[in-house]
Amino acid sequence: MIPSIKTLDVVHGNERDVEIPILESVLSETKDGLLSVIDVGSRWTASTYAPALRNAFPKGKKKYTALDPVLDKDVEQIADVFIVSDLRNIKAIKADLVTCISVIEHILGEENRF
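Residues numbered from 1 in each chain as written. Predicted model: local features only at pLDDT ≥ 70, side-chain atom pairs only at ≥ 80, totals over all residues. Heavy atoms only, no water.

**Student:** Give a detailed account of the pairing of strand β3 (residues 81–84), specifying residues and quantitative values.
**Tutor:** Sheet topology places strand β2 (residues 63–68) next to β3; 4 bridges connect them, and they run parallel. The partner of L67 across the bridge, within β3, is I83. Handedness of the β2-helix α3 (residues 73–78)-β3 crossover: right-handed. (Pairing = 2+ DSSP bridges. Helix = DSSP H or I, 4+ residues; strand = E, 2+ residues; numbered from the N terminus. Right-handed = clockwise from strand over helix to strand, strands pointing away.)

Next comes the structure, spelled out in structure tokens:
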């Protein structure tokens, strides 16, 4: 049997058009067994996937932690906790799921860009 090919809508006109549907698919398959999520690189996600994380991790029942070196007031209103820090400075945070969407290209900083 040949697997079907899923088509994705162009909403943002960038990599988010692939990343968000994949995240939503993972959440729909796994969220029932998860109690907490940490989203690394949360800035500018309020209009993209932060609402999907909030829906999968409802306030008062599950914990949604956002982490980014720069505070995003909009995401701060969506998440339970917003940690302002560079990931490399975090000692340990426990969570059932860690998301790191479109972040790897920023981890090394401006001085290490191609």
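So, next bit.
**Student:** Can you break down helix α1 (residues 16–30) residue by residue, with the values?
**Tutor:** In this model, α1 (15 residues) spans 21 Å end to end at C-alpha, consistent with the 21 Å of a helix rising 1.5 Å per residue. Restricting attention to buried positions, one finds in α1 the residues R16, D17, E19, I20, L23 and L27. For α1, the angular spread of buried residues about the axis comes to 165°, placing them on one side. For α1, the exposed residues set more than 90 degrees away from the buried face come down to S28 and E29. Looking at the packing, one finds that the buried side of α1 touches α2 (50–56) and β4 (97–99). (Expected span 1.5 Å × (residues − 1). Buried < 20%, exposed > 50% of the residue type's maximum accessible area, 1.4 Å probe, protein only. Arc of directions from axis to C-beta. Contact = heavy atoms within 4.5 Å.)

**Student:** Help me get a handle on unusual backbone geometry, residues and values and all.
**Tutor:** Here W44, not a glycine, exhibits a phi torsion of approximately 70°, which is positive. Along the polypeptide, W44 turns up in the loop between β1 (36–40) and α2. Relative accessible area serves as the criterion here: at 61%, W44 is assigned to the exposed category.

**Student:** Explain the sheet that holds β2 to me, and be specific about the residues and the numbers.
**Tutor:** Read across the sheet, 4 strands follow the order β3-β2-β1-β4 without closing on themselves; strand pairing throughout is parallel. Either end of the sheet is taken by a strand with one partner, and the two such strands are β3 and β4. Recorded for the sheet is a direction-independent mean angle of 20° between the axes of neighbouring strands. Examined bridge by bridge, β1 and β2 share 5 bridges and lie parallel to one another. Pairing of S36 across the sheet is with K63, part of β2. (Axes fitted to C-alpha atoms, helices over the stretch in contact; angles between N-to-C directions.)

**Student:** Kindly report on the environment of L35, identifying the contributing residues and their values.
**Tutor:** Position of L35 relative to the elements: it lies in the loop between α1 and β1. Given a relative accessible area of 53%, L35 falls into the exposed group. In this structure, the C-alpha to C-alpha distance between L35 and A92, residues 57 residues apart in sequence, is 17 Å.

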